[in-house]
Amino acid sequence: MRAGRLNRRVTIERKQVVRDATYGSEQITWVTHAEVAAEVRDLAANERVAATAQRVVTRLTRVTVRWVGAITSDMRVRLNSDGRLLQIVGIRELPKRLGYELDCEEYSGA
């Protein structure tokens, strides 16, 4: 993995569920798991019309990061430069624990 390609800062966030003390309902918050340098490549985009006649755009993005401990598919990636949120849908560990390739999807209604 070449350091020059890791030219973007991203935050990997994990979900934290907290119970409301008054009503007992669950509240989901996102906390920082790691902030790292990454290579971010947009691979494909898909556009469709949802059942509610709203246009939905899905963008597939591959994020490559150095090893930062366990990363799971219930985490997400926030691009620090523009605030885009990417849901992790696939994880590949690079040989010798050099890092991860994260396949991510971004959804946006247009």
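Computed from a predicted model, the values in this text were never measured in an experiment.

Parameters and conventions
- Residues numbered from 1 in each chain as written.
- Predicted model: local features only at pLDDT ≥ 70, side-chain atom pairs only at ≥ 80, totals over all residues.
- Heavy atoms only, no water.
- Helix = DSSP H or I, 4+ residues; strand = E, 2+ residues; numbered from the N terminus.
- Buried < 20%, exposed > 50% of the residue type's maximum accessible area, 1.4 Å probe, protein only.
- Contact = heavy atoms within 4.5 Å.
- Phe/Tyr/Trp six-rings, centres within 6.5 Å; stacked < 30°, edge-to-face > 60°.
- Core = buried A, V, L, I, M, F, W, Y, C linked by side-chain atoms within 4.5 Å.
- Salt bridge = Lys/Arg side-chain N within 4 Å of Asp/Glu carboxyl O.

Q: How do you make sense of the overall build of the protein chain when you look at a structure like this?
A: Assigned secondary structure in the protein chain consists of zero helices and six strands. Going from N to C terminus, the protein chain has its helices and strands arranged as β-β-β-β-β-β. Each of the 110 residues in the protein chain was classed as buried or not, and the buried ones make up 29%. For the protein chain, restricting intrachain contacts to residue pairs at least 6 apart in sequence, the fraction spanning at least 24 positions comes to 53%.

Q: I tried to follow the packing of aromatic side chains on my own but got confused; where do I start?
A: A ring pair, where both rings are aromatic, is described by two values, the distance of the centres and the angle of the planes. Considering all chains together, one arrives at one aromatic pair under this definition. Pairing Trp67 with Tyr100 gives two aromatic rings, centres 4.9 Å apart and planes at 15 degrees, and the pair type is stacked. On the criterion of sequence distance, the pair formed by Trp67 in the loop between β3 (55-66) and β4 (76-79) and Tyr100 in strand β6 (residues 99-109) is long-range, its members being 33 residues apart. On the basis of relative accessibility, which here comes to 4%, the residue Tyr100 falls in the buried class.

Q: How should I be thinking about the nonpolar core in this particular structure?
A: The tendency in soluble globular proteins is for nonpolar side chains to be buried as a group. Residues Val10, Val63, Val65, Ile71, Val77 and Leu102 are the most contacted members of the largest nonpolar core, which totals 17 residues. Tallying contributions element by element places strand β2 (residues 26-49) first for this core, with four residues. Those residues in contact with Val63 that sit more than four places away from it in its chain are Ala38, Glu39, Val40, Leu86, Tyr100, Glu101, Leu102 and Cys104.

Q: Could you clarify how one ought to interpret the pattern of salt bridges in this entry?
A: Here the structure, examined in full by the defined rule, presents 11 salt bridges. Close ionic contact of Arg84 with Asp42 constitutes a salt bridge, the shortest N to O distance being 3.2 Å. Within this pair, whereas Arg84 is found in the loop between β4 and β5 (85-93), its partner Asp42 is found in strand β2, the two being separated by 42 residues in sequence. For Arg84, a relative accessible area of 13% corresponds to the buried category.

Q: I keep staring at the environment of Ser81 and nothing clicks. Help me out?
A: For Ser81, the position within the fold is in the loop between β4 and β5. The spacing of Ser81 and Val10 is 71 residues in sequence and 8.0 Å in space, taken between C-alpha atoms. Setting aside anything within four residues of it in sequence, one finds Ser81 in contact with Arg8 and Arg9.

Without other data, these values stay purely geometric and don't point to any function.
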